[in-house]
Amino acid sequence: MRGQFTGWPEQAMDVLWQLQGEPSHAVRERCRADRERLVRQPMIALLNEVADADPRYEDFSVWHYRTDSWWWQHQSAVIRLGRKIEIGLRFSLDGLRIQGAWWYPDPGQVDMFRKAVASEGSGRELSAIVEDVRKKGYDISGDVMKRPPRGYPANHPRADLLRHRSLIAARPLGCEAWLHTPEAVNRTLSAAADLDALLMWLVRHVKRAA
């Protein structure tokens, strides 16, 4: 029976403090069990409740630790919505961070994205969605070319979007007291709703190339 999410315990922050810098193998091993129980397992519980609230979010993974210290200091997870289209979550001493991303595209996906951006209907729709997400406090980034790709005019009205070879919208959700309570589920779902229009546009228009 899976555990119910009650928030990250405050002791989770103590564990992450011990893992700052370049922790030795001995420090990592000493912290391993507590990190699993206090940091990683709450992320799993959180995403189970998010999936219960919206079945679209059922395909998720919560990463284990790797050799690099960064992975011990940050608990990451992804919710897959489409091919190379996902919601990413990250818990660390800075609190909880969310991003919606289409990245590391398959061959052909970038061409599909550009055609949809250049098309008047879908392109205008994406431009409005991106502006709305930006107004909600999300940073828009990605792998961006210095100028529009060949075949598209430099003065295209959506030249800024045509330059993208990936598209990411991200923002920190904070590190306040709610992080240690079940309220973190609602905060995550609210942020996912902020990203929904963007991610669903990508699901519709950036399909896996045949």
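Scroll up for the structure.
Conventions adopted
- Residues numbered from 1 in each chain as written.
- Predicted model: local features only at pLDDT ≥ 70, side-chain atom pairs only at ≥ 80, totals over all residues.
- Heavy atoms only, no water.
- Axes fitted to C-alpha atoms, helices over the stretch in contact; angles between N-to-C directions.
- Helix = DSSP H or I, 4+ residues; strand = E, 2+ residues; numbered from the N terminus.
- Parallel < 35°, antiparallel > 145°, perpendicular 65-115°, else oblique.
- Contact = heavy atoms within 4.5 Å.
- Nonpolar A, V, L, I, M, F, W, Y, C, P; charged D, E, K, R; others polar.
- Left-handed = near helix turned anticlockwise from the far one by under 90°.

K.L.:
What's the story with the packing of helix α4 (residues 109-118) against helix α5 (residues 120-135) in this structure? I'm lost.
P.N.:
A packed helix pair is summarised by two numbers, namely the angle formed by the two axes and the spacing between the axes. Packing of α4 against α5 leaves a shortest axis separation of 5 Å and a crossing angle of 95°. Considering the angle they form, α4 stands roughly perpendicular to α5. Along its contact with α4, which presents F113, A116, V117 and A118, the element α5 presents E120, S122, G123 and L126. Residue classes in the contact of α4 with α5 are distributed as five nonpolar, two polar and one charged.

K.L.:
What's the story with the packing of α4 against helix α7 (residues 183-205) in this structure? I'm lost.
P.N.:
Close contact between α4 and α7 brings their axes to 10 Å; oriented N to C, the two are set at 110°. In terms of orientation, α4 and α7 fall into the roughly perpendicular class. Handedness of the α4/α7 crossing: right-handed. On α7, the residues that touch M112, F113, A116 and V117 of α4 are W201, L202 and H205. A breakdown of the residues in the contact of α4 with α7 according to their chemical character gives six nonpolar, one polar and no charged.

In short, geometric facts, not functional conclusions.
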